[in-house]
Amino acid sequence: MKRRNFIATATIGSAGMVTSSSLAQSQLYKDFKLKNNVNHSVCQWCFDHLPLEEFLQVLNGLGIKAIDLIGPKDWSLLKKYDIHCSMCNGAEISLTEGWNDPKYHEQLIENYTNIIPQVAEAGYTNLICFSGNRRGINDYVGLQNCVDGLSKIMPLAEKHGVVIQMELFNQVNHPDYMCDSSLWGVELCKRLGSDNFKLLFDIYHMQIQEGDIIRSIQNYYPYFGHYHTAGVPGRNEIDETQELYYPAIMKAILETGYTGYVAQEFIATWDDKIAALKDAFTRCDV
């Protein structure tokens, strides 16, 4: 399932509880220990073969304390399992209809004005946003449109301690998306001039779009507020089947002093998808 379809249509059930006996039988958590130098998270949409409540129980067993891309309707379930929402969603219109086009500003401002206080009240910090597709809009014009629109919600975000984070995408998976380069995103951050606006640096997307991942992290880390992982090519496991070496990338992130979350966002191809997730956490646990 593609992420854009998941965000638009997903509904989370509460069935499928994992029992203690089944977990023991599968030895799901056997010999799994983390150094905890990295704050690990995971995007639930990549593992939606499990109902959300069952997946949260798996995360509890693994000692993973955060999950990405969960909206307000499911925050009470996260609290039941003491899982932090490291990247909230629910205020966006879509990945393609975003802040670069003024015709969406009225709806976006209403949405974010409604959600920002909820994020803060729930004890969370990060709230995702998207530039939207170009649709013929010049990048410089789109940049200023984003500034004009986002400026309307930044005082509220600052008041509540919420960080608005715009995700970077590549043109292969998201043709025509405007925020497709680190430099464009960094310029947006500079023009907004707020510590409450950052970029979600998706390593998978930016490897495809511009490469030189570690240099980008070293040069622009003050503007990166969150990280996503996946293997290139294919958006699959981050093992030896792909071209990125995540231990080195993770070390580069930690060397910047980053203390936020790094969320796994890959599509597992292994028969045992949770084993693939454990492997990814281990590789990033430098």
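Counting from 1, residues in each chain are numbered in the order their sequence is written. Given that the model is predicted, a residue must reach a pLDDT of at least 70 before its local features are reported, and side-chain atom pairs must reach 80 or more before they are shown or counted; all residues, however, enter totals for whole chains, interfaces and linings. Computation of side-chain values: all heavy atoms of the structure, hydrogens and water removed.

1. What to know about the pairing of strand β6 (residues 197–202)
Only protein chains enter the accessibility calculation, which uses a 1.4 Å probe. A residue is then buried if its area is under 20% of the maximum for its type, exposed if over 50%, and partly exposed in between. Strands here mean DSSP runs of E at least two residues long; helices mean DSSP runs of H or I at least four residues long; both are numbered from the N terminus. In terms of burial, β6 is largely enclosed, as six of its six residues are buried. Of the strand pairs in this sheet, strand β5 (residues 163–167) and β6 are connected by four bridges, and their pairing is parallel. Directly across from M166, in β6, lies its bridge partner L199. With respect to chirality, the unit in which β5 leads through helix α8 (residues 182–192) into the neighbouring parallel β6 is right-handed. Here the rule is simple: two strands pair whenever DSSP picks up at least two bridges between them. Handedness of a crossover is defined as follows: with both strands directed away from the viewer, a clockwise route from the first strand across the helix to the second makes it right-handed.

2. Some words on the pattern of salt bridges
A pairing counts as a salt bridge when a side-chain nitrogen of Lys or Arg comes within 4 Å of a carboxyl oxygen of Asp or Glu. Following the criterion strictly, the structure yields 10 salt bridges and no others. D279 is paired through a salt bridge with R283; the nearest N and O atoms lie 2.6 Å apart. Taken together, the residues D279 and R283, both in helix α12 (residues 273–284) and four residues apart, mark about one turn of the helix. Looking at R283, the relative accessible area reads 24%, which means it is partly exposed.

3. Considering the environment of D239
Looking at the secondary structure, you find D239 in the loop between β7 (224–229) and α11 (246–255). Residue classification places D239 among the buried positions, given a relative accessible area of 9%. Taking the C-alpha atoms as reference, D239 lies 7.4 Å from A280; in sequence the two are 41 residues apart. Any two residues whose heavy atoms approach within 4.5 Å at even a single point are treated as in contact. Excluding residues within four positions of it along the chain, D239 makes contact with W270, D279 and R283. Counting of polar contacts relies on pairs of N or O atoms within 3.5 Å, with two restrictions inside protein: one atom must be capable of donating a hydrogen and the other of accepting it, and residues adjacent in sequence are counted only when both atoms are side-chain atoms. At 2.5 Å, the side chain of D239 and the side chain of T241 are in polar contact.

Keep in mind these numbers describe shape, not what the thing actually does.
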